[in-house]
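Structure at a glance
So you can see what is in the structure, the chains are spelled out below.
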Amino acid sequence: MRKSVYIETSIPSCYYEIRTDPQSIAKKDWTQTWWHVEKPDYDVVTGVGVIQELQRGNHPKKTEKLSLISELKALQISQEIIEIVDVYISNLVMPADPNGDALHLATASYHKYYWRR
């Protein structure tokens, strides 16, 4: 049975990192290596929330980031996931942004995917 991974927003962001400090370059290299070498061994998905997050705002390489994950199945947000997000936030398990990490973790957990951040 193949392992599964949920790709959240920081993966395409690291893949197309533009900062040039050593730590950022290392993260970019690790992310690109994982994407090309390890990713084929996994059932890789993303979420509608990730796509929406990447579509918002004006940030470098926006089009490329969206293109990178366009091939992935996008898990939908259900009422059950919204309720999980509410529980995470109300119990201070995750930051109080219902469209951020709480949504990503709830989506990955609900669909039983490992959350790749």
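Right, let's walk through the structure included here. (Residues numbered from 1 in each chain as written. Predicted model: local features only at pLDDT ≥ 70, side-chain atom pairs only at ≥ 80, totals over all residues. Heavy atoms only, no water.)

Notes on the environment of Asp29
Our working definition: For the purposes of this entry, the term helix denotes a DSSP run of H or I that reaches at least four residues, the term strand denotes a run of E that reaches at least two, and both are numbered from the N terminus.
Note on placement: Asp29 falls in helix H2 (residues 22–38). Between the C-alpha atom of Asp29 and that of Leu103, which follows or precedes it by 74 residues, the distance is 27 Å.

Some details on the packing of helix H3 (residues 48–55) against helix H4 (residues 62–69)
Formally: Axes, fitted as lines to C-alpha atoms, cover a helix only where it is in contact. Angles between the N-to-C directions of the axes lie from 0 to 180 degrees. Reported orientations rely on four angle classes, namely roughly parallel under 35 degrees, roughly antiparallel over 145, roughly perpendicular from 65 to 115, and oblique for the rest. Crossings are assigned a handedness: left-handed for a near helix turned anticlockwise from the far helix by less than a right angle, right-handed for a clockwise turn. It only takes one pair of heavy atoms within 4.5 Å for two residues to be counted as in contact. In this count, Pro and Cys sit with the nonpolar residues alongside Ala, Val, Leu, Ile, Met, Phe, Trp and Tyr, while Asp, Glu, Lys and Arg are called charged and the others, Gly among them, polar.
Close contact between H3 and H4 brings their axes to 9 Å; oriented N to C, the two are set at 165 degrees. When the axis of H3 is compared with that of H4, the two are roughly antiparallel. Seen from above, H3 lies across H4 with left-handed handedness. Within the contact between the two elements, H3 uses Val50, Ile51, Leu54 and Gln55 and H4 uses Lys62, Lys65, Leu66 and Ile69. When its residues are assigned to classes, the contact of H3 with H4 shows five nonpolar, one polar and two charged.

Notes on H2
Filter applied, for reference: To estimate the expected span of a helix, subtract one from its residue number and multiply by 1.5 Å. Each residue is assigned to one of three classes by its accessible area relative to the maximum for its type, calculated with a 1.4 Å probe on protein chains only: buried under 20%, partly exposed between the two thresholds, exposed over 50%. Think of the arc as the fan of directions from the helix axis to the C-beta atoms.
When the terminal C-alpha atoms of H2 are compared, their 23 Å separation across 17 residues agrees well with the 24 Å that a helix rising 1.5 Å per residue should span. The complete set of buried residues in H2 reads Ser24, Thr31, Trp34 and Trp35. End-on, the buried residues of H2 take up no more than an arc of 95 degrees, which puts them together on one face. Seen from the open side of H2, the exposed residues pointing more than 90 degrees away from its buried face are Pro22, Trp30, His36 and Val37.

Overview of H3
Inspection of H3 places Val48, Gly49, Val50 and Leu54 among the buried residues, and these make up the whole buried set. Buried-residue contacts for H3 involve strand S1 (3–7), helix H1 (10–15), strand S2 (42–47), H4, strand S3 (73–75) and helix H6 (101–110). Once H3 finishes, Gly57 follows within two positions and takes phi at roughly 75 degrees, a positive value.

Remarks on the pairing of S2
The condition that has to hold: Strand pairing is assigned whenever DSSP detects at least two bridges linking the two strands.
With four bridges connecting them, S1 and S2 associate as parallel partners. Along S2, the bridge assignment pairs Lys3 with Tyr42. Relative to S3, S2 runs parallel, the two being bridged by three bridges. Bridge pairing links Val45 to Lys73 in S3.

Things to note about the pattern of salt bridges
Defined as follows: Salt bridges, as used here, are contacts in which a Lys or Arg side-chain nitrogen is within 4 Å of a carboxyl oxygen on Asp or Glu.
Scanning the entire structure with this criterion turns up two salt bridges. Between Arg19 and Glu17 there is a salt bridge, with its nearest N and O atoms 2.9 Å apart.

As for the packing of helix H5 (residues 79–90) against H6
The geometry of H5 relative to H6 is characterised by a closest axis approach of 9 Å and an angle of 125 degrees between their N-to-C directions. For the element pair H5 / H6, the angle class is oblique. The handedness of the crossing between H5 and H6 is right-handed. Contact residues: H5 offers Glu80, Ile81, Ile84, Val85, Tyr88 and Ile89, while H6 offers Ala102, Leu103, Leu105, Ala106, Thr107, Ser109 and Tyr110. Looking at the contact of H5 with H6 residue by residue, the classes come out as 10 nonpolar, two polar and one charged.

Remember that the coordinates give geometry; whether it matters functionally is a separate question.
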